[in-house]
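Per-entry structural report
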Protein chains: 2
Amino acid sequence: MARTRYVVAVDVGGTDMKAALVSGTPTAATVVTSRRRATPRGEDGTATAHAVVGAIVDLVDELRGVVDHPVDAVGVVVPGVVDEEEGIGVFSANLGWRDFPFRLLLAERTGLPVSFGHDVRAGGLAEHRLGNARGLTDVVIMPIGTGIAAALMIGGRLHVHGGELGHVDVGHGEPCGCGQRGCVETVASSAAIARRYSARAGKQVNRASVVADLVRAGDPDAVAVWHDAVDALAKGILIAATLLGPEAVVLGGGLALAGDLLIEPLRKRLAELIVFQRQPELLLAALGDEAGCLGAALMAIDAVEA
Amino acid sequence: MARTRYVVAVDVGGTDMKAALVSGTPTAATVVTSRRRATPRGEDGTATAHAVVGAIVDLVDELRGVVDHPVDAVGVVVPGVVDEEEGIGVFSANLGWRDFPFRLLLAERTGLPVSFGHDVRAGGLAEHRLGNARGLTDVVIMPIGTGIAAALMIGGRLHVHGGELGHVDVGHGEPCGCGQRGCVETVASSAAIARRYSARAGKQVNRASVVADLVRAGDPDAVAVWHDAVDALAKGILIAATLLGPEAVVLGGGLALAGDLLIEPLRKRLAELIVFQRQPELLLAALGDEAGCLGAALMAIDAVEA
């Protein structure tokens, strides 16, 4: 049996950095204590990346002092395009960096082994090892937050490319920030739901959870916006079912907190769309917004064990 | 080094059955001699499946007598939905069977170990081991014939579900035989190109290769139909690039025989569509319509080696 390791895990988001001291093995992880900080910003992407490295180093220093046990490693995950092998943040639209050598700098400054990965893939790994994707061989784990992406578990292994299920064209025609049209994310992300409701109802709403409450109250604008989101998600999942035939799709991120309000109409719409495809079970994620951080911890523990 | 095996391989198509006596190892295979027969049809799907089994048994008997060396195994691949583990033809729209136990019956009647698989996946395996997908880790192998499907090589392993890249909605709106609308296959398969040209030009053409010749001659109807096919294929490949990020897409089947006439406009259209996705290299398949049969042989050789 693997011995218990102590690692510091950091999930760098567009708004917040979530950090945790985690004790565990490759198949069990417990958060000892956690911290949350605003993600620092610099004048440009490179300055932001340097500021993020500094903030991570501070968090590691703070968290490694919490227990009377040495920390074995650090796991860090970031959004955007990531080269996990080389430990490089290749590109982040939101945070602006390009080809930044995170792992190298973090290893130098912490003096610890550093694992560096992709936030969505790490969250998928955690959901597969510890959450509601456990035991599944082919599963799409799809967090829905400010944006939408997916971790693809294929044949029991996490696929390291693609996963941009938020950016397939499902035909609604609205332009997306990515430069394409019709992207799932443009009408179905939490941010899109809040933005589209605000535009349609003529009153500013900042959170999809507010729109969800309005749907429950029968607000017709909220119902229409929610309906569009469900339709786009169902069509995106249909594409994944056609191409990959997964056993299940696990919905996570902030929007999944809507629970049945999301998953029941989605199940119904998907059943209408499915023709010959293997119908994936729709599940809610178990780990909430801790998934990325737990995944970062698991990656660090894996690397120590390897 | 693996010793050389002799196997009989059969690729059951909607029109023809291709059979070959193949000598080889898991990484090299040579066709000693091959045969082609019309695929027999019965009154219903089950009768067709029984007739196909009978025809395979005859082909095995004939081919095993060709060389003075015992045949080690039989490899058979069929279209449609296939349960490779159980050796069952789950469903074929074209040939009509449902849940037919091919492997069991073939093993009983030939007295040989039988491998049973999916035609497109087997062709992808062959193209990966012996053809133009060699050395690639993440690659989509996409034969374009009467229909369109894809073998997905992900992390160096063949994915066993999905692959129905011919049946993703790319927005042209035409109804597909599968029950959906906008499928790639509906405008881009060889059959669709011949059918759509015939309808548009008001003269019957039965082969996409005739339309290709008309494109070369500048026939405007042929050019329009070809353009639609290229556009749909590019949008289908874009979806695969978004979701899977493959290094390359290998185009096979009858339509790929058009060579540059297909691949050059397709490359151009895909480059226009790509925004942030990893741009896959477009390659032509090396094995032509032998790919399925060679893949069936490799599956049989693998099983003997295992």
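These numbers were taken from a predicted model, which means no experiment stands behind them.

With that settled, the discussion passes to the packing of aromatic side chains. Enumeration according to the criterion identifies 6 aromatic pairs over all chains in this entry. Here the aromatic cluster, defined as three or more aromatic residues joined through ring pairs, consists of A:W97, A:F100, A:F102 and A:F116.

Further remarks concern the relation of the copies chain B and chain A. Screw-axis analysis of chain B against chain A gives a translation of 0.0 Å along the axis, an RMSD of 0.0 Å, and a rotation angle of 180 degrees. Both copies of the chain, as the preceding transformation shows, are related through a two-fold rotation axis. The rotation axis passes nearest to the C-alpha of B:G171 in chain B, at a distance of 3.3 Å. Mapped onto chain A, 100% of the interface residues of chain B again fall at the interface, so both copies present the same surface.

For any two helices packed against each other, one specifies the crossing angle of their axes together with the interaxial distance. All names here are of chain B. Look at helix α6 (residues 208–216) against helix α7 (residues 220–244): their axes get within 8 Å of each other, and the N-to-C directions meet at 115 degrees. Crossing hand, α6 versus α7: left-handed. On the side of α6, the interface is formed by A208, V211, A212, L214 and V215, while α7 contributes A222, V223 and W226. Of the residues contributing to the contact of α6 with α7, the split by class is 8 nonpolar, no polar and no charged.

With 28 residues of chain B at the contact, the number on the chain A side is 28 residues. Regarding the contact of chain B and chain A, the summed buried area is about 2,400 Å², with carbon and sulfur atoms giving 65% of it. For chain B, the biggest contributors to the area lost against chain A are B:R157, B:L243 and B:F276; these three give 25% of the whole. Applying the counting rule to chain B against chain A returns 0 salt bridges. Counting across the chain B and chain A interface gives 14 residue pairs in polar contact (both at pLDDT 80 or more). Put simply, the parts of the chain that give the side of chain B that touches chain A at least two residues each are β10 (151–154) and α7 of chain B. With 6 residues, α7(B) is the largest single contributor of residues to the side of chain B that touches chain A.

Turning next to the pairing of strand β8 (residues 114–118) of chain A. Residue and element names in this part refer to chain A. Across the 5 residues that make up β8, a large majority, 5, are buried. Of the pairings in the sheet, the one linking strand β4 (residues 73–78) to β8 comprises 5 bridges and is parallel in character. Looking at the pairing, V78 lines up with H118 of β8.

Residue and element names in this part refer to chain A. Taken domain by domain, chain A comprises domain 1 (5–124 + 289–305) and domain 2 (136–285). Taken over C-alpha atoms, the centre of domain 1 sits 27 Å from the centre of domain 2. Across the boundary between the two partners, domain 1 contributes 4 residues, which contact 9 residues of domain 2. A combined buried area of about 570 Å² lies between domain 1 and domain 2, and 69% of that area is made up of carbon and sulfur atoms. The interface formed by domain 1 and domain 2 includes 0 salt bridges.

With that out of the way, let us pick up α6(B). Residues lying three or four places apart along an α-helix face the same way, a consequence of the helix completing one turn every 3.6 residues. All names here are of chain B. The complete set of buried residues in α6 reads A208, V211, A212 and V215. All buried residues of α6 fall inside an arc of 105 degrees around its axis, so they share one side. Considering only its buried residues, α6 is in contact with α5 (190–201), α7 and α8 (260–273). With its phi angle positive at about 85 degrees, G218 sits one or two positions after the end of α6.

Quick look at the environment of B:A232 now. Residue and element names in this part refer to chain B. As for its position among the elements, A232 is in helix α7. In sequence terms A232 and G253 are 21 residues apart; their C-alpha atoms lie 17 Å from each other. When neighbours within four sequence positions are excluded, A232 is seen to be in contact with V170, V184, V187 and A188.

What counts, and at which threshold
Residues numbered from 1 in each chain as written. Chains lettered and ligands numbered in written order. Predicted model: local features only at pLDDT ≥ 70, side-chain atom pairs only at ≥ 80, totals over all residues. Heavy atoms only, no water. Phe/Tyr/Trp six-rings, centres within 6.5 Å; stacked < 30°, edge-to-face > 60°. Least-squares fit on C-alpha atoms with pLDDT ≥ 70 in both. Contact = heavy atoms within 4.5 Å. Axes fitted to C-alpha atoms, helices over the stretch in contact; angles between N-to-C directions. Helix = DSSP H or I, 4+ residues; strand = E, 2+ residues; numbered from the N terminus. Left-handed = near helix turned anticlockwise from the far one by under 90°. Nonpolar A, V, L, I, M, F, W, Y, C, P; charged D, E, K, R; others polar. Buried area = accessible area lost by both parts, 1.4 Å probe. Salt bridge = Lys/Arg side-chain N within 4 Å of Asp/Glu carboxyl O. Polar contact = N/O pair within 3.5 Å; in protein donor to acceptor, adjacent residues only side chain to side chain. Buried < 20%, exposed > 50% of the residue type's maximum accessible area, 1.4 Å probe, protein only. Pairing = 2+ DSSP bridges. Domains from an automatic or database assignment. Arc of directions from axis to C-beta.

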